[in-house]
Amino acid sequence: MSDFYNQINRNALPCHVAIIMDGNGRWAKANGKPRAYGHLNGVKSVRAVTEAAAELQIKYLTLYAFSTENWNRPKEEIDALMGLLVSTIEAETATLNKNNVRLTTIGDTKRLPEPVYNKLMGCIESTSANTGMTLNLALSYSSRWEITEMVRHISEDVKTGKLTSSQIDDKIISSYLTTKNIPDPDLLIRTSGEYRISNFLLWQIAYAELYFSSVMWPDFTKEHFYEIMVDYQKRQRRFGKTGEQIETGNENL
Ligand code: IPE
Ligand code: IPE
Ligand code: MG
């Protein structure tokens, strides 16, 4: 095994890793191929990273696979991505079960074409009893969509008396988001050298560690993932406190 792999402290891994998988199109272009070829090769990286995370016993892996804004891409590209989603789910469901991985999804999945939606629900159902890693796919997802839905649901519940406005706090808000059953990400990775969040988990990443990699997603390997784990473990997460408070566990310092 690699150097990075051996440096990983198994007792200090992030509980939840979220990834903005970016750069498929540019990778394809650089290889003189159509964008769909980049997406096809991106699936290999999804497989590799899912395997790496599951082996490390990371509890939650959220992958940004298709954003609300991605609906504005050319129809041909959307069709290619949807087709890839169906074929990947078909090909990988057995492996997910074998590895005890549970599939979940966040996003406005009702917007997905029916065959894609049905495949997705089938895989979620088939893997629902698995107790290992949760692989959470963000599909037709954007944070502003999610936050808008949350505000709508909270206001309905206040109107019907299920909730009073004074009860609303950060825990209540989190419980109305699509990630209600998942802890906030400890680490957010974005590939392809872009330094932006692109409408992803804006509420949930309040205290996530951010890692920006210049690697295009189809070139992203287990090794890159291990390297990021090592980098993450070198950081001190202070959550607003002082370094001394964190190091000694003494709140009065
Ligand atoms: C990420 O790669 C995959 C999706 C957004 C679906 P891109 O398709 O955004 O690739 P670039 O950013 O154009 O290179
Ligand atoms: C973000 O990538 C969405 C996904 C990775 C699914 P984009 O490539 O769509 O992001 P922008 O538009 O360049 O910010
Ligand atoms: Mg992109």
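This section reports on the structure supplied with the text. (Residues numbered from 1 in each chain as written. Chains lettered and ligands numbered in written order. Predicted model: local features only at pLDDT ≥ 70, side-chain atom pairs only at ≥ 80, totals over all residues. Heavy atoms only, no water.)

### Here we look at the overall build of the protein chain
Piece 1. From N to C terminus, the protein chain includes nine helices and six strands.
Piece 2. Rg of the C-alpha trace for the protein chain: 19 Å, near the compact-globule value of 18 Å for 253 residues, within the 12% margin.
Piece 3. The buried share among the 253 residues of the protein chain stands at 45%.
Piece 4. In the protein chain, the share of contacts with a sequence separation of at least 24, taken over all contacts with a separation of at least 6, comes to 75%.
Piece 5. Carbon and sulfur atoms provide 51% of the accessible area of the protein chain, an area that totals close to 13,400 Å².
Piece 6. Separation between the mean location of the 29 positive side-chain charges and that of the 30 negative ones in the protein chain comes to 3 Å. (Helix = DSSP H or I, 4+ residues; strand = E, 2+ residues; numbered from the N terminus. Rg over C-alpha atoms; globule rule 2.2 N^0.38 Å. Buried < 20%, exposed > 50% of the residue type's maximum accessible area, 1.4 Å probe, protein only. Contact = heavy atoms within 4.5 Å. Areas by Shrake-Rupley, 256 points an atom, 1.4 Å probe, with all protein chains shown as cover. Lys, Arg positive; Asp, Glu negative; His and termini not counted. Charge placed at Lys NZ, Arg CZ, Asp CG, Glu CD.)

### Section: the pairing of strand E3 (residues 102–106)
Two faces belong to every sheet, and in a regular strand the side chains alternate between them.
Piece 1. Strand direction decides the pairing type here: E3 and strand E4 (residues 134–141), joined by five bridges, are parallel. In the sheet register, threonine 105 faces E4, and the bridge partner there is leucine 137.
Piece 2. Between the parallel elements E3 and E4, the chain passes through helix H5 (residues 114–127) in a crossover that is left-handed. (Pairing = 2+ DSSP bridges. Right-handed = clockwise from strand over helix to strand, strands pointing away.)

### Details of helix H6 (residues 143–159)
Piece 1. If you check H6, its first and last C-alpha atoms are 24 Å apart, about what 17 residues at 1.5 Å a residue would give, namely 24 Å.
Piece 2. Among the residues making up H6, those that are buried are Ser143, Trp145, Glu146, Met150, Ile154 and Asp157. With its buried residues spanning 160° around the axis, H6 presents them on a single face. Every exposed residue of H6 that faces more than 90 degrees away from the buried side is listed here: Arg144 and Lys159.
Piece 3. Buried residues in H6 make contact with E4 and helix H7 (170–175). (Expected span 1.5 Å × (residues − 1). Arc of directions from axis to C-beta.)

### A look at helix H8 (residues 222–233)
Piece 1. Here H8 contains 12 residues, and its C-alpha end-to-end distance of 17 Å stays within 8% of the 16 Å for a straight helix at 1.5 Å per residue.
Piece 2. In this structure, the buried side of H8 is in contact with helix H1 (3–7), strand E1 (16–20), helix H3 (35–55), strand E5 (187–190) and strand E6 (209–212).

### Things to note about the side chain of aspartate 22
Piece 1. Topologically, aspartate 22 is positioned in the loop between E1 and helix H2 (24–30).
Piece 2. Given the relative accessible area of 17%, aspartate 22 is considered buried.
Piece 3. A polar contact is formed between the side chain of aspartate 22 and the side chain of arginine 190, at a distance of 2.7 Å. (Polar contact = N/O pair within 3.5 Å; in protein donor to acceptor, adjacent residues only side chain to side chain.)

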